[in-house]
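In case you want the letters, here they are:
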Amino acid sequence: MSSEPLNLPQGWEARWDAQSSAYIYIDQSTGQAQWELPTQPSYPTSHHSTSSSAPAPAPAPAPVSRPGRRHYPTAQIQQMYAGGGYDQPPPVQPLAPGYGDQTHVAPQFFTPGMADVQQAQIPQGQFQQPAYGQQPAYPQEKGVDQMTNQFQNMQMGYRAGATYGDQKQLHSIQTVNLIGMQPDVRGLDSPPPAALLAPNAAVTQSPHIQPDPSYQRCTLAAMPTTQSLLNKSKLPLALVLAPYRSVREVDDDMPVPVVEDSVIARCRRCRAYINPFVTFIEGGNRWKCCMCGLSNEVPQLFDWDQRENKPADRWGRKELNHAVVEYIAPTEYMVRPPQPPVYAFVIDVSQSAVQSGMVATAARTILENLDNLPNADKRTKIAIIAVSTSLHFMSLPPGSTEASMLVVSDLTDVFLPKPVDLLVNLTESRPAIETLLGRLSDMFQEPQVGNALGSALQAAHQLIGKIGGKIIALTSCLPSLGEGALKARDDPKLLGTSKESSLLNAASSWYKTFAIECSKQQVAVDMFLFSASYTDVATLSCLPRYTAGQTYLYPGFNASRSEDAIKFATEFGRVLSMPIGLEAVIRVRATRGIRLAAFHGNFFIRSTDLLALPVVPMDQNYVIELQLEDDVKATTVVIQTAVLHTTCFGERRIRVITQAMPTTDSIAEMYGSADQIAIASYLVSKSVEKSMTSSLDDARNLIINKLSDMLTVFKNQVTSSAGASAQLAVPDNLKLLPLLMCGLVKHVGLREGVSIPPDLRSYAQALLTTLPCQSLIPYIHPIFYSLHNMSPDAGTVGPDGHMVLPPALNLTSERLERHGLFFIEDGQNMFLWVGHEAVPRLIQDVFDLPSYAELTGGKYTLPVLDNPFNQRVNNIVAKTRELRRGVYRQHLYVVKSDAEPALRSWALSCLIEDRMDKMGSYAQFLTQVKNKVSRV
Amino acid sequence: MGGEGWLFLFAVLMAAVLLFTMVFFIIMFSDLECDYINPIDLCNKLNQFVLPEMIAHAFLTLCFLLSGQFIAFLLNAPLVGYNVNKIMAKNHMYDATEIFRTLSGHKKESFIKLGFYLVSFFYYLYRMILALISESD
Ligand SMILES: [Zn+2]
């Protein structure tokens, strides 16, 4: 083999063709191949028209004309896999229909059984204009064994590539040294390393065959072939997914394509859904499953347009072009007819709840959102139970404007006082519901101390259990009566000791047992907790955890503070109007050899690979650990997540997310393809689990150990510089992982300290395990802007139509200036830090106050003033509120740099690169990790 | 047959019963792994047997203590202690929400107990035969 020709123009790749003993040059953007050395660089383009304008490459000496020997230039084989017919000369563009300008292409429809006839008409080796060039051809007749042969050829090519490093695409590894360097925090937004699939891995060339990382991402974009390799690399293998992600215009999200004709092609053996990574065989009549290798029949109507009643183009099918698709499921996928959305509100009306204004705010928010509740087909049902020392059922007869109340004081043996009118159709009983909500708070003015939440939840469960749905519980004090009564157990002496983790676990098994009951009956529970004192979030959050709900905490809620009322009303309103999926199960399937080892998130694990979610909320994150129980033999592995659910408009649907990645047997390639955000997300879930099963100390150690293990392997195996070193080397794609881990160790959910209330810890842990990556990353590594000296375009709409934000700063108080105005945000709260030497002009412009002395810290609503600086600050606050997926609306706190020490140190605790109490700075964290790395 | 013979005959039977309980547990766990049973039913089923198993074993140990069979007692005491510790920590019952995370631990425990009951079974059998022989002499 001659040496590789160097200095190819950009976008070209050289491949050695053993048969003709010459290089073939491949244009990587179009897949075009030629024998001559290219001179012009090539740039990726999606326009089909380039093929006509591009210089016509010289035709390859058609190897097909030597039928006796089935050897083909690699490039041609590549192309055949990539989409060109094997009986085509190389210069054909492998483009799938629908992604280029195809006006000049006669549409080719595929009809089962017709394949052979159609293809046979084309003489072999003839230069055909697009006819088949636009579609992947099927091997047929002798094609099957040719295929095998070619496949072997390819294997050879692959091996040669692995040996000489010039064929298989690999991630380039750049080593970055961390010690003494300030991390570049802007890199947190960069996309994960791409999965470098072979050009022939998919049957279509659609740009959407890989899911957006916000739906599903894997810690590694190259799958190791054996478990021992994975163990040796110390890298975690996990899937981070948010399959029911919201579709937002701000993020330029594409709506999920829906396959409407209910033709669902699935593998008979492993039940995988057809996807872009399958192979069609036997003239396109059968497809080979990419997970288990079974050959399956293509459904009869797969190539038939049922709406137009004519043959359709197979290559235009959404499931072959998109990684994320939704199927409308036929009746076989239903256990019962699609149920309506059902909401049961359990509202605490004890003294503290009424006095804090929670009841009034909640009632008003429900009232305002009655139109926003998912109710497209007018089937939505609603029930309201008020609870204090007894249960107050609300009878809401349809058509009447009067609501009546039925009180049940038997808390041990809960029964429904009336068979009808307690769970009512929202549309029919609308007048009664409105009347009730209008005066709910006034009905409970006489003080009642005590809360029988558990019994009320049981009652709500009895009420909606037959249908399933959502219980939304709002409570303002610790459940003290009836079933599931709890005691305050937040002994301050336990804080900071190894026993602290007992406070993070459920105090009573009642909540777990009840959660299982709920999950069985397709009931989810959302918990809204408002309390001035201990509410035992750890125990109450069990219900949302195992029923796929969510916990919301409003510590010290007081509706007379408008910020509190707005925050709660906004978030509650978003929860109510969220288009939820009902009666859902999530199943993850993967190529043979891969096993799901553990699950993290809010759901009930019903079997080794099936998660039950009575209601799928939007933008909730799940982490699934993977193992390799057998060696992976395939060159491409596929991981497919299917969410079977009932939409709130009464359709049974299956959302399928398919992700593919190449396999590798090199540790270097694993490191080069590692995704720091996904690894951080995995370590977050893993460490929270550890803090509950073991102790917070162990959780923090787990983070540091996992990190130093990874960096040790990287140093010894990839950079091969064993021995002590003054540096800490990381691959470029993981360079922010240590920073994120430093943030996680100092996060309120895991931080060392004796003064963190267990409620806040538990709540932070609930968020850590459920926030999608987009919100999780700022939650452990907040964003930090300097506002007083931001560039003139910051806070205005830029030329691309998006709001320009100031550059993110490193999270260190070195950046704080005495005269400055700074902005810190972690997805849950934001802080406006005002330096005590801030000029009066700045204070006047932003807060409309004469001087710094007049300003008071705390929760704040920024005034909207008629000056550009105020508007830009307001724009940045508004844009930041809009930035994150999820229901949360951040509180805005004004922090004065020389007053309110508690607030001040809270804001400073966001600056994670600094020292904080006992927790060292980022530099110290790195030294700690480096020492562990050197010791090995 | 004297007291010692009867005691060990009883012990042999108990050990056999406990042995079968463990086999049942292990079968149920592998059923869970193969998805033949759901975690809720599994836990409901197994939890019925957890306390009876512990009580039966503790009763047998008590019998050894009262009849002065100290070797047999010492053989069983650690397991009684382990069980009591579990009950005190309130984690002796199987939890359906955690079962998949803790499954490998449960399986390991069941296998160790299975081995222990097997060894005790043969030990009791041996002692029973010894007792019978010494009586017939
Ligand atoms: Zn299959």
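What counts as what
- Throughout, residues of each chain are indexed from 1 in the direction in which the sequence is written.
- Chains carry letters and ligands carry numbers; both start at the beginning, A for chains and 1 for ligands, and go up in the order they are written.
- Note on the predicted model: pLDDT of at least 70 is required for a residue's local features to be given, and 80 or more for side-chain atom pairs to be given and counted; whole-chain, interface and lining totals, by contrast, use all residues.
- The basis for every side-chain value is the complete set of non-hydrogen atoms in the structure, without hydrogens or water.
- UniProt positions are given in the numbering used here, feature names are shortened, and annotations may be inferred rather than shown by experiment.
- What counts as a helix is a DSSP run of H or I of at least four residues, what counts as a strand is a run of E of at least two, and both are numbered from the N terminus.
- To sort residues, take the accessible area from a 1.4 Å probe on protein chains only and compare it with the maximum for the residue type: under 20% means buried, over 50% means exposed, and anything in between is partly exposed.
- It only takes one pair of heavy atoms within 4.5 Å for two residues to be counted as in contact.
- The method behind every accessible area is Shrake-Rupley, applied with a 1.4 Å probe, and residues are considered shielded solely by the protein chains displayed.
- For the charge count, each Lys or Arg is scored as positive and each Asp or Glu as negative, with His and the chain ends excluded.
- Where a charge lies is defined by one atom per residue type, namely NZ (Lys), CZ (Arg), CG (Asp) and CD (Glu).
- Residues forming no salt bridge and having over 30% relative accessible area are the ones grouped into patches, like charges within 9 Å of each other and nonpolar side chains (Val, Leu, Ile, Met, Phe, Trp, Tyr) within 5 Å.
- Each reported salt bridge corresponds to a side-chain nitrogen of Lys or Arg within 4 Å of a carboxyl oxygen of Asp or Glu.
- pLDDT: the predictor's confidence for each residue, scored from 0 to 100.
- In this entry, domain limits derive from an automatic or database-based domain assignment.
- Simply put, the buried area is the total loss of 1.4 Å probe accessible area from both parts when two parts are fitted together.
- Polar contact is defined as a pair of N or O atoms within 3.5 Å, subject to the rule that within protein one atom must be able to donate a hydrogen and the other to accept it, and that residues adjacent in sequence are counted only when both atoms are side-chain atoms.
- Three residue categories are used. Nonpolar comprises Ala, Val, Leu, Ile, Met, Phe, Trp, Tyr, Cys and Pro, charged comprises Asp, Glu, Lys and Arg, and polar comprises the others, including Gly.
- A donor here means an N, O or S atom no more than 2.8 Å from the metal, or no more than 3.2 Å when the metal is Na, K or Ca. Since water is not included, a site may seem to lack partners.
- Between 85 and 135 degrees for all angles marks four donors as tetrahedral; over 155 degrees for opposite donors together with 65 to 115 for all other angles marks four donors as square planar and six as octahedral; every other arrangement is irregular.
- For Phe, Tyr and Trp, rings pair up if their centres lie within 6.5 Å, where Trp contributes its six-membered ring, and each pair is then called stacked (planes under 30 degrees apart), edge-to-face (over 60) or tilted (otherwise).
- Whether a charge sits over a ring comes down to the Lys NZ or Arg CZ being within 6 Å of the ring centre and within 35 degrees of the ring normal.
- The definition of a nonpolar core used throughout is a set of buried Ala, Val, Leu, Ile, Met, Phe, Trp, Tyr and Cys residues joined through side-chain atoms within 4.5 Å.
- Each pair of strands is called paired provided DSSP finds at least two bridges between the two strands.
- All axes are obtained by fitting lines to C-alpha atoms, using only the stretch in contact for helices, and the reported angles, taken between N-to-C directions, cover 0 to 180 degrees.
- To sort the angles, those under 35 degrees are grouped as roughly parallel, those over 145 as roughly antiparallel, those from 65 to 115 as roughly perpendicular, and the leftovers as oblique.
- Crossing chirality is assigned from the near helix's rotation relative to the far helix, an anticlockwise turn below a right angle marking it left-handed and a clockwise turn marking it right-handed.
- Here a helix's expected span is defined as the number of its residues, less one, multiplied by 1.5 Å.

Chain B has the name ER-derived vesicles protein ERV14 in an unreviewed UniProt entry, where Tremella mesenterica is given as its organism. According to UniProt, the comment filed for chain B under the heading Subcellular location (unreviewed entry) is "Membrane".

Going by what an unreviewed UniProt entry lists, chain A is known as Protein transporter SEC24 and is assigned to Tremella mesenterica. The annotation that UniProt attaches to chain A under Sequence similarities (unreviewed entry) is "Belongs to the SEC23/SEC24 family. SEC24 subfamily."

Asks: Summarise the overall build of chain B; cite the residues concerned and give the values.
Replies: Looking only at helices and strands, chain B has four helices and zero strands in total. Going residue by residue from the N terminus, the α and β elements of chain B occur as α-α-α-α. The dimensions of chain B, computed from C-alpha atoms along their principal axes, are 55 × 30 × 20 Å. For chain B, with 137 residues in total, the buried portion stands at 43%. Pairs at least 24 apart in sequence give 78% of the contacts found in chain B among residues at least 6 apart. By element, 72% of the accessible surface of chain B is carried by carbon and sulfur atoms, the whole surface being about 7400 Å². Across chain B, the centroid of the 8 positively charged side chains sits 7 Å from that of the 11 negatively charged ones.

Asks: Tell me about a nonpolar patch on the surface, and name the residues and values.
Replies: All names here are of chain B. A cluster of nonpolar side chains, namely Phe10, Phe59, Leu62, Leu65, Leu66 and Phe70, defines an oily patch on the protein surface of about 590 Å² accessible area. No other element matches the four residues that helix H2 (residues 39–66) contributes to the nonpolar patch. Relative to the helices and strands, Leu65 is located in helix H2. Taking relative accessible area as the criterion, Leu65 reaches 33% and is therefore assigned partly exposed.

Asks: I'd like a description of the pattern of salt bridges, backed by residues and values.
Replies: Pairs can form between side chains of opposite charge once their charged atoms are near each other. Residue and element names in this part refer to chain A. Within this structure, the stated rule accounts for 45 salt bridges over all chains. In this structure, Asp251 engages Arg248 in a salt bridge whose closest nitrogen and oxygen atoms are separated by 2.9 Å. On the basis of relative accessible area, Arg248 is assigned to the buried category, the value being 15%. Between Arg336 and Glu583 there is a salt bridge; the shortest N-O distance is 3.2 Å.

Asks: If you had to explain the confidence of the model for chain A to someone new, which residues and values would you point to?
Replies: A low pLDDT means the predicted coordinates there should not be read in detail. When pLDDT is averaged along chain A, the result is 82; 82% of the residues meet or exceed 70. Predicted confidence is poor over residues 1–7 of chain A, with pLDDT under 50, and the contacts of this stretch with residues over four places away or in other chains come to ten contacts.

Asks: Now, about the domain arrangement of chain A: what can you tell me, with residues and values included?
Replies: Residues and elements named next belong to chain A. Considered domain by domain, chain A is made up of domain 1 (342–579) and domain 2 (782–911). Listed by partner, the interface residues are 14 residues for domain 1 and nine residues for domain 2. For the pair domain 1 and domain 2, the summed buried surface comes to about 1000 Å²; carbon and sulfur atoms form 50% of the total. The largest share of the area that domain 1 buries against domain 2 comes from Glu563, Lys567 and Arg574, three residues that together contribute 51% of it. Our enumeration of links across domain 1 and domain 2 arrives at one salt bridge. Put simply, Asp564 and Lys859 hold a salt bridge, and the shortest N to O gap is 2.8 Å. Taken together, the links from domain 1 to domain 2 amount to eight residue pairs in polar contact (both at pLDDT 80 or more). Per-element tally for the side of domain 1 that touches domain 2: the top contributor is helix H13 (residues 562–577), with nine residues. Here the residues of the side of domain 1 that touches domain 2 are counted per class, giving four nonpolar, four polar and six charged.

Asks: Break down the coordination of the zinc ion for me, with residues and values.
Replies: All names here are of chain A. Summarising the metal site, the zinc ion is bound by the protein donors Cys267 (SG), Cys270 (SG), Cys289 (SG) and Cys292 (SG), whose distances to it range over 2.2 to 2.3 Å. Its four donor atoms give the zinc ion angles of 102 to 114° at the centre, a pattern that matches the tetrahedral case. Of the residues examined, Cys270 reaches a relative accessible area of 23% and is grouped as partly exposed.

Asks: An account of the packing of aromatic side chains is requested, with residue identities and associated values reported.
Replies: Each aromatic ring pair is described using two quantities: the centre-to-centre distance and the angle formed by the ring planes. All names here are of chain A. Under the defined criterion, the tally for this structure stands at 38 aromatic pairs over all chains. Here Trp510 and Tyr511 contribute two aromatic rings whose centre-to-centre distance is 4.9 Å and whose plane-to-plane angle is 80°, an arrangement assigned as edge-to-face. Tyr511 shares its class with Trp510; the two are buried. With centroids separated by 5.4 Å and ring planes inclined at 70°, the aromatic side chains of Tyr554 and Phe568 adopt a geometry described as edge-to-face. Here Tyr554 is found in strand E22 (residues 551–555), whereas its partner Phe568 is found in helix H13, with 14 residues between them in sequence. A single burial state applies to Tyr554 and to Phe568, both of which are buried. Through pairs of rings, three or more aromatic residues link up here, namely Phe345, Phe528, Phe530, Tyr552, Tyr554, Phe557, Phe568, Phe572 and Tyr888. For Arg245, the ring lying beneath its charged end belongs to Tyr215, and the centroid distance is 4.0 Å. Positioned above the aromatic ring of Phe302 is the side chain of Arg317, whose terminal nitrogen or guanidinium carbon lies 4.4 Å from the ring centre.

Asks: Give me the interface of chain A and chain B: which residues, what numbers.
Replies: Accessible area lost upon the coming together of the parts serves often as the stated size of an interface. Across the boundary between the two partners, chain A contributes eleven residues, which contact twelve residues of chain B. Summing both partners gives a buried area of about 1100 Å² for chain A against chain B, and 65% of it is carried by carbon and sulfur. Of all residues in chain A, Phe604(A), Ile605(A) and Thr608(A) give up the largest surface area on contact with chain B, accounting jointly for 33% of the area buried on that side. Seen at the junction of chain A and chain B, the total is two salt bridges. Where Arg101(B) meets Glu689(A), a salt bridge forms, and the shortest distance between an N and an O atom there is 3.4 Å. At the junction of chain A and chain B, the tally comes to four residue pairs in polar contact (both at pLDDT 80 or more).

Asks: I'd like a rundown of the nonpolar core, residues and numbers included.
Replies: One finds Phe345(A), Leu457(A), Leu474(A), Phe528(A), Phe572(A) and Met741(A) to be the most contacted residues of the largest nonpolar core, which totals 232 residues. Excluding residues that lie within four positions of it along the chain, Leu474(A) makes contacts with Val346(A), Ile347(A), Asp348(A), Met358(A), Ala362(A), Phe528(A), Phe530(A), Phe568(A) and Phe572(A).

Asks: Kindly report on the pairing of strand E15 (residues 342–348) of chain A, identifying the contributing residues and their values.
Replies: All names here are of chain A. Along E15, seven of the seven residues are buried, which leaves the element largely enclosed by surrounding structure. Along E15, one buried face is formed by Val342, Ala344, Val346 and Asp348 and the opposite face, lined by Tyr343, Phe345 and Ile347, is buried too. Strand direction decides the pairing type here: E15 and strand E16 (residues 381–387), joined by seven bridges, are parallel. In the sheet register, Asp348 faces E16, and the bridge partner there is Val387.

Asks: Hey, could you go over the packing of helix H7 (residues 358–368) of chain A against H13(A) for me, with residue numbers and the actual values?
Replies: Residues and elements named next belong to chain A. At a closest axis distance of 9 Å, the pairing of H7 and H13 adopts a crossing angle of 40°. Considering the angle they form, H7 stands oblique to H13. As H7 packs across H13, the resulting crossing turns out to be right-handed. Taken together, the residues of H13 that come into contact with H7 (itself represented by Met358, Thr361, Ala362, Arg364, Thr365 and Ile366) are Ala565, Phe568, Ala569, Phe572, Gly573 and Leu576.

Asks: Any chance you could break down helix H16 (residues 696–718) of chain A for me, citing the residues and the numbers?
Replies: Count 3.6 residues to each turn of an α-helix, and residues three or four apart come out pointing the same way. In this model, H16(A) (23 residues) spans 32 Å end to end at C-alpha, consistent with the 33 Å of a helix rising 1.5 Å per residue. In the stretch just after H16(A), Ser720(A) is the one whose phi turns positive, near 40°.

Asks: Describe the sheet that holds strand E5 (residues 216–218) of chain A, and please don't skip the residues or the numbers.
Replies: Paired through backbone hydrogen bonds, the strands of a sheet run either parallel or antiparallel to each other. Residues and elements named next belong to chain A. Strand order across the open sheet formed by four strands is E5-E7-E27-E24, with antiparallel pairing between neighbours. Only two strands of the sheet have a single neighbouring strand rather than two, namely E5 and strand E24 (594–600). Strand after strand, the sheet turns through a mean of 25° between neighbouring axes, direction not considered. As judged from the four bridges shared by strand E7 (residues 238–241) and strand E27 (residues 622–628), these two strands associate in the antiparallel manner. Bridging from a neighbouring strand, Leu239 pairs with Ile624 of E27. With respect to the sheet, helix H15 (residues 676–693) is in contact with E5, E7, E24 and E27, its orientation differing from that of E27 by roughly 95°.

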